[in-house]
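Here's the letter readout for the chains.
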Amino acid sequence: MGPHPAVAAIRLAVRRVLHDLLTEHHTNTTLHAPAHATPGARSGTGAPPVPAPPTAAPPAVVPAGTTLSRPQRAGGAAPGQPLVLVACSGGADSMALASALAFEAPKLGVRAGGITVDHGLQPGSDLRAEEVALRLRELGLDPVESVAVTVGRDGGPEAAARDARYAALDAALQRHGATAVLLGHTRDDQAETVLLGLARGSGIRSLSGMAAVSGADGRYRRPFLQLDRQTARKACMVQSLPVWDDPHNADPAYTRSRLRHEGLPALEKALGKGVVEALARTARLSRDDADALDTWARQAEPAVRDAAGLLECAKLYALPPAVRRRILRRAAIEAGAPAGSLFARHIEEMDRLITGWRGQGAINLPGRVVARRQGGRLVIRQG
């Protein structure tokens, strides 16, 4: 008799991601492998190549408050195999993901580890993080660490916590030389993200939600975007995996919490079941469209710049608005405007310098970036 359907579903989702990572790993290894002369092959100097001396890897820098585990089963693959980490809060989604990774990784020869981030936002959070790390070790993951972070205030509490968490995950990935970090976002999380983007009025990119692959070099992978939250919780229950329900997820002070417990249920009551699936499908379709428009903008940008690299307003005006605004956004970010603080209204104000020019003054953008029209050119720079 096979595993419970919920367990089978989460394992299959993780197996597919691991297969993708292995394929990419082997492709990169082959492309970057040094060429070796074969016996009898001709050499420019007539002498065999001299191999470079081995270099010692720099010692890993482990932050204070970090707890490392001893070698365990899932982390016991050959050192040359890729290492995949799971980000785990102790909740049902990430615990289900950790259990699936621990089960699938050894079968594929992948090393598997885990990291839990202590945001320090609740009393006893440090002890809870250590408890999560212990559960990950019991699953057989190695290395495992608990990392404490300091959450700032920029962008509100949710955004600040997210920024601190991803910074910690980036550091852990570099510290351990990992190939990727798995995240436990589900289809329900995707639906919430789409609605939040819709409320902000930020355009099609916000409606595209979270990508299955994101981050520098595709380091973040989200295997569960096609699975609902109940599947992950059911998988934990049938495997007797203890889970921790973060009280912040039920706190109405947080926008996502209100959306989860009030907004989405109200939509389902008014529109019927299937709202979550429809929103997730909207995200996939919107992402395809947004990716195509981004590609178009990248290809069109060189043609709208002059010899000095400045954007020519007349050539920008001739482009479709969706393409033109993408070029303006990229230019503002390259000039130093923080991407997370650059909103649709900023891009619209810049766009009016192209489409509604009446001699208006400069546009102030986040990051002390200023955009102004001069002599038929759009000048965007800090200062």
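Computed from a predicted structure; not experimentally measured. (Residues numbered from 1 in each chain as written. Predicted model: local features only at pLDDT ≥ 70, side-chain atom pairs only at ≥ 80, totals over all residues. Heavy atoms only, no water.)

What to know about the overall build of the chain
Regarding its fold elements, the chain presents 12 helices and 10 strands. Looking at the 383 residues of the chain, the share that counts as buried comes to 42%. With the model as given, the accessible surface of the chain reaches about 20,500 Å², and the carbon-plus-sulfur share is 56%. (Helix = DSSP H or I, 4+ residues; strand = E, 2+ residues; numbered from the N terminus. Buried < 20%, exposed > 50% of the residue type's maximum accessible area, 1.4 Å probe, protein only. Areas by Shrake-Rupley, 256 points an atom, 1.4 Å probe, with all protein chains shown as cover.)

Focus on helix α7 (residues 229-238)
Among the residues making up α7, those that are buried are R229, T231, A232, A235 and C236. The N-cap of α7, judged by a side-chain oxygen 3.2 Å from the amide nitrogen of Q230 a few residues on, is D228. After α7 finishes, the residue S240 shows a positive phi value of roughly 55 degrees. (Polar contact = N/O pair within 3.5 Å; in protein donor to acceptor, adjacent residues only side chain to side chain.)

A word on the side chain of R324
Mapping R324 onto the fold places it in helix α11 (residues 321-334). Within the structure, the side chain of R324 is placed 2.6 Å from the side chain of D351, a separation counted as a polar contact. Leave out the neighbours within four places in its chain, and R324 touches L316, Y317, L319, D351, I354 and T355. (Contact = heavy atoms within 4.5 Å.)

Observations regarding the pattern of salt bridges
Close approach of charged atoms allows side chains with opposite charge to pair. Taken as a whole, this structure holds 25 salt bridges when the rule is applied. One salt bridge in this structure joins D170 and R219, with 3.0 Å as the shortest N-O distance. Separated by 49 residues along the polypeptide, D170 in helix α4 (residues 157-176) and R219 in the loop between β5 (213-214) and β6 (220-221) bring together distant segments of the chain. The closest approach of N and O atoms between R377 and E312, which form a salt bridge, is 3.9 Å. Residue R377 is located in strand β10 (residues 377-382), and its partner E312 is located in strand β7 (residues 311-312); the two are separated by 65 residues in the primary sequence. (Salt bridge = Lys/Arg side-chain N within 4 Å of Asp/Glu carboxyl O.)

Points about the nonpolar core
Counting residues in hydrophobic clusters, the biggest one holds 37 residues, and the most contacted among them are V14, L18, L101, L136, L141 and F224. Where this core is concerned, the elements lending two or more residues are α1 (5-32), β1 (83-87), α2 (92-108), α3 (125-139), β4 (180-182) and α7. When near neighbours in sequence (up to four residues on either side) are disregarded, F224 contacts I10, A13, V14, D93, A96, L97, G184, H185, T186 and R187. Core analysis: the next-biggest nonpolar cluster, separate from the first, contains 25 residues, L311, L328, I347 and I354 among them. (Core = buried A, V, L, I, M, F, W, Y, C linked by side-chain atoms within 4.5 Å.)

Quick word on the packing of aromatic side chains
Within the structure shown, the criterion is met by 1 aromatic pair. The ring of F103 has R11 sitting right over it, with the charged end atom 3.5 Å from the ring centre. (Phe/Tyr/Trp six-rings, centres within 6.5 Å; stacked < 30°, edge-to-face > 60°. Lys NZ or Arg CZ within 6 Å of the ring centre and 35° of its normal.)

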